[in-house]
Amino acid sequence: MDKVHKRPDVMITVTKKDEVNLNVECDISIAQEINDFFTFDVPGAKFMPAYRSRMWDGKARLYNIYAKELPVGLLSYLKEFSNQLEYKLNIEIEDVGDPVSNEYVEKFCKDLKLQSNNKDIEIRDYQIEAVSHSIREGRALLLSPTASGKSLILYALMRYYQSRNKKQLIIVPTTSLVEQMYGDFQDYATADNWKASENCHRIYGGKEKSNDFPITISTWQSIYKFPKKWFEKFDVVYGDEAHNFKAKSLTSIMKKCVNAPFRFGTTGTLDGMKTHKLVLEGCFGTVHKVTQTKTLMDKGELAELKVTCLMLDYSDEERKLVKNMSYQEEMDFLVSHNKRNSIVRNLAVTQKGNTLVLFQYVEKHGDVLFDMIKRKVDANRPVYFVYGGTDTEQREQIRALTEKANDAIIVASYGTFSTGINIRNLHNIVFASPSKSRIRNLQSIGRGLRLGDNKVACNLFDVGDDLTWKSKKNYTLNHMIERIKLYNEEGFKYKLVRLPTHGTD
């Protein structure tokens, strides 16, 4: 933000236009300062067509200076702006939160008779605090790692607002997660007289779009084209795996929920970009850090993660071949490299327990790995293939079968199994395709962190590729370096093992 002079006589008046936007009234010169404060460079903008054609300057503006609108979730940042410059801020907004205590929430959850797999469970301290904070604020973006029990937090919030006769919409990114959340809710209520079938309606391909149920669970893809009128009936809206909500289609849903004062997003990770964080906070509210993966591991509430970074070495001829390749050409070279695929195959089939092999390209890589693994294992060993074309019921069946197995192999695309899918009985994960996405990597790791009846640890094999020629590093090696930085940041234990690609059958 540009430097400005302090003007303590300035008054900024804030009212609520609706449950999406604030109305920020002030002098035009102060409006310009607010506009500057909420203007950010969009990462990667210079590669986007609108920027290249000079139709856009590559900046995101979160304050609409002409309509005088600011997303409700950014009120705390407007307060920060006013404090910095000692401007008077007149806020004419009623508090939507309920003043509940942690003790009240703990008793409320105890009365729900929570169960999982027909066993009584107690909601953990950090989950109680997250629910209490959310109810007190009325809005929150809950940052809590995978396997920390976000679905239980959502269930407690859902039951609380249902007890207050609020109509609720829960939005998830995939059809599998619609079914998983519906199943989780019923699982938690096994000992209660509450029934998911009587309270929750599911919307995705082929399902009825309208309903009179108090709770609707839907993929965003199924409803984002619905008219504004359809969303007006909801009082509470949840965004599970909220990091996906930076897409225009997702934020458009939130903007249509003009009568929903209560908004809660959950995510295991943010991508580290300030613009992304502010867009999400504008939709849901200020970030509230619930707990950390390392903390839960230290307490024994998550499986211990053991990371092996397998750095594959290549011949000089291959290094010379790759040195001038584009990123896509390098990826095509790697996923079609027979010796590399043999290493991934051997890694998958020699591990004990259930193994998840994640790939990026279905035809170029997933099909190939599945065939290679299927041919290598005993005919009685289950090997499953999951990608975008696998229907929801079949994905759920594979997940359920893996929970009961002890030597299954799932070859799955990142898009279908890196986010949200809950498999407690998963012992090994193999990153078969290189990825630089911080969110995708952490979400994928989370698939193996849940404790199982016979599981206290999970092995992650991160396959990287060193095709350095002289001082020139290849693209995917740089991505591997970024992933190692991430493991250091998260406090994960890891070891680096170099492995030649030659001599592999």
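Residues numbered from 1 in each chain as written. Predicted model: local features only at pLDDT ≥ 70, side-chain atom pairs only at ≥ 80, totals over all residues. Heavy atoms only, no water.

Asker: Pulling in residues and values, what's your account of the overall build of the protein chain?
Answerer: From N to C terminus, the protein chain includes 21 helices and 22 strands. Residues classed as buried in the protein chain amount to 56% of the 505 residues present. Here the protein chain has roughly 23,100 Å² of accessible surface; of this, 49% comes from carbon and sulfur atoms. (Helix = DSSP H or I, 4+ residues; strand = E, 2+ residues; numbered from the N terminus. Buried < 20%, exposed > 50% of the residue type's maximum accessible area, 1.4 Å probe, protein only. Areas by Shrake-Rupley, 256 points an atom, 1.4 Å probe, with all protein chains shown as cover.)

Asker: So what's going on with the packing of aromatic side chains? Which residues, and what values?
Answerer: Considering all chains together, one arrives at 23 aromatic pairs under this definition. Considering the side-chain rings of tyrosine 160 and tyrosine 161, the 5.1 Å spacing of their centres and the 90 degrees angle between planes classify their relative orientation as edge-to-face. Considered together, tyrosine 160 and tyrosine 161 belong to a single accessibility category, that of buried residues. Ring geometry for phenylalanine 359 and phenylalanine 385: centres 5.7 Å apart, planes at 20 degrees, overall stacked. Of the two residues, phenylalanine 359 is situated in strand β17 (residues 355–359) and phenylalanine 385 in strand β18 (residues 383–386); the sequence distance between them amounts to 26 residues. The class for phenylalanine 385 is buried, based on a relative accessible area of 15%. Taken together, the ring pairs in this structure connect Phe108, Tyr160, Tyr161, Tyr238, Phe262 and Phe264 into an aromatic cluster. Seen from the ring of tyrosine 182, arginine 202 lies directly overhead, with NZ or CZ sitting 3.7 Å from the centre. Directly above the ring of tryptophan 230 sits lysine 233, whose terminal nitrogen or CZ lies 4.1 Å from the centroid. (Phe/Tyr/Trp six-rings, centres within 6.5 Å; stacked < 30°, edge-to-face > 60°. Lys NZ or Arg CZ within 6 Å of the ring centre and 35° of its normal.)

Asker: Can you break down the packing of helix α4 (residues 102–111) against helix α6 (residues 150–162) residue by residue, with the values?
Answerer: Taken N-terminus to C-terminus, the directions of α4 and α6 make an angle of 90 degrees; their axes are 11 Å apart at the nearest point. As summarised for this structure, α4 and α6 are arranged roughly perpendicular, according to the angle between their axes. Together, Tyr104, Phe108 and Cys109 of α4 and Ala156, Arg159 and Tyr160 of α6 make up the contact between the two elements. Each residue belonging to the contact of α4 with α6 can be placed in one class, and the counts come to five nonpolar, no polar and one charged. (Axes fitted to C-alpha atoms, helices over the stretch in contact; angles between N-to-C directions. Parallel < 35°, antiparallel > 145°, perpendicular 65-115°, else oblique. Contact = heavy atoms within 4.5 Å. Nonpolar A, V, L, I, M, F, W, Y, C, P; charged D, E, K, R; others polar.)

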